[in-house]
Amino acid sequence: MCMDHSFRCSCGQYEVSMTFKNEILPPETLSALYCPRCSANVDFNPDTMIRDNGWIIEYDMEIARLMSNSMPVEHLRRLSPETIFVEDYCSWRGIYPGDHIDSLRERESIVSIAKVNPKKYITELKDWANRRTERLRQEGWLKAHERVAV
Ligand SMILES: [Zn+2]
């Protein structure tokens, strides 16, 4: 189970839905969110923050450490903003902020093929996923680099 919570960035321009894998970490783990505009004034601290394509997420590492007991031991050992982000303990829902909304919309056009030609649908879906991941990788999103092509 992954709970989703919405957070507004520091300047108020964006509201982003975040995922909390297995609800191990509480929403309070996210102490601040900065969009590419408001992140410009942030003094980046790698001990508590992760930077992703102009966005910055700041974590309350004290809360994260306190609540991390039920994580697999390999994540516990290297509990860092990067682990929290890449392993989806408190991260974008999808690869980038707003990904779940865009991907649903993009997928709709492919889903219409499914009724007519299920085999073509599978191929189209795979192609779409691969092209999409490649594009996001080129754009420089961290989690696009973690995902392997299907
Ligand atoms: Zn902002």
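In this text the structure is predicted, and so the values were computed from the model without any measurement. (Residues numbered from 1 in each chain as written. Predicted model: local features only at pLDDT ≥ 70, side-chain atom pairs only at ≥ 80, totals over all residues.)

Here we look at the overall build of the chain
Right, so step 1: Each helix and strand counted, the chain has 6 helices and 6 strands in total.
Right, so step 2: Here the chain, with 150 residues, has 22% of them falling under the buried criterion. (Helix = DSSP H or I, 4+ residues; strand = E, 2+ residues; numbered from the N terminus. Buried ≥ 20, exposed ≤ 12 C-beta atoms within 10 Å, placed from the backbone.)

Description of the sheet that holds strand β3 (residues 30-34)
Right, so step 1: The strand order across the open sheet formed by 3 strands is β3-β5-β4, and the pairing between neighbours is antiparallel. Taken across any chain shown, the strands that pair with only one partner, and hence form the sheet edges, are β3 and β4 (49-52). Strand-to-strand twist across the sheet, computed as the mean angle between neighbouring axes with direction ignored, equals 15 degrees.
Right, so step 2: The sheet contact formed by β3 and strand β5 (residues 55-59) spans 4 bridges and is antiparallel. Across the sheet, residue Y34 finds its bridge partner in β5, namely I56. (Pairing = 2+ DSSP bridges. Axes fitted to C-alpha atoms, helices over the stretch in contact; angles between N-to-C directions.)

Let's talk about the domain arrangement of the chain
Right, so step 1: Its domain assignment divides the chain into domain 1 (2-92) and domain 2 (99-146).
Right, so step 2: Relative to domain 2, the C-alpha centre of domain 1 lies at a distance of 26 Å.
Right, so step 3: Split by residue class, the side of domain 1 that touches domain 2 holds 3 nonpolar, 2 polar and 1 charged. (Domains from an automatic or database assignment. Nonpolar A, V, L, I, M, F, W, Y, C, P; charged D, E, K, R; others polar.)

What about the nonpolar core?
Right, so step 1: Core analysis: the largest hydrophobic core is formed by 25 residues, its most contacted members being I57, I84 and C90.
Right, so step 2: Among the elements that line this core, the one with the most residues is β5, at 4 residues.
Right, so step 3: Taken domain by domain, this core gets at least three of its residues from each of domain 1 (2-92) and domain 2 (99-146).
Right, so step 4: Aside from chain neighbours lying at most four places away, what touches C90 is M18, F20, L25, T29, L30, Y59 and I84. (Core = buried A, V, L, I, M, F, W, Y, C linked by C-beta atoms within 7 Å. Contact = placed C-beta atoms within 7 Å.)

Examining unusual backbone geometry
Right, so step 1: You will see that N22, though not glycine, has its phi angle at about 55 degrees, which is positive.
Right, so step 2: One non-glycine residue, E23, lies in the positive phi region at around 55 degrees.
Right, so step 3: Structurally, E23 can be placed in the loop between β2 (15-21) and β3.
Right, so step 4: On the neighbour-count criterion, E23 (13 C-beta atoms within 10 Å) is partly exposed.

Section: the environment of Y59
Right, so step 1: Structurally, the position occupied by Y59 is in strand β5.
Right, so step 2: The sequence separation of Y59 and D47 amounts to 12 residues, and the corresponding C-alpha distance is 9.0 Å.
Right, so step 3: Apart from residues lying up to four places away in sequence, Y59 is in contact with T29, L30, S31, T48, A64, P81, I84 and C90.

A few points about the packing of helix α4 (residues 99-116) against helix α5 (residues 118-139)
Right, so step 1: Contact geometry of α4 with α5 gives a least axis separation of 7 Å together with a crossing angle of 160 degrees. What the angle tells us is that α4 and α5 run roughly antiparallel. Crossing hand, α4 versus α5: right-handed. Between α4, through E106, I110, I113 and A114, and α5, the contact on the second element is made entirely by P118, K120, Y121, E124, L125 and W128.
Right, so step 2: Split by residue class, the contact of α4 with α5 holds 7 nonpolar, no polar and 3 charged. (Parallel < 35°, antiparallel > 145°, perpendicular 65-115°, else oblique. Left-handed = near helix turned anticlockwise from the far one by under 90°.)

Focus on α5
Side chains of residues three or four places apart in an α-helix project in the same direction, reflecting 3.6 residues per turn.
Right, so step 1: Along its 22 residues, α5 runs 31 Å from first to last C-alpha, staying within 8% of the 32 Å computed at 1.5 Å per residue.
Right, so step 2: Burial within α5 is sparse, with just 2 of its 22 residues counted as buried.
Right, so step 3: One or two residues past the end of α5 sits G140, with phi positive at roughly 100 degrees. (Expected span 1.5 Å × (residues − 1).)

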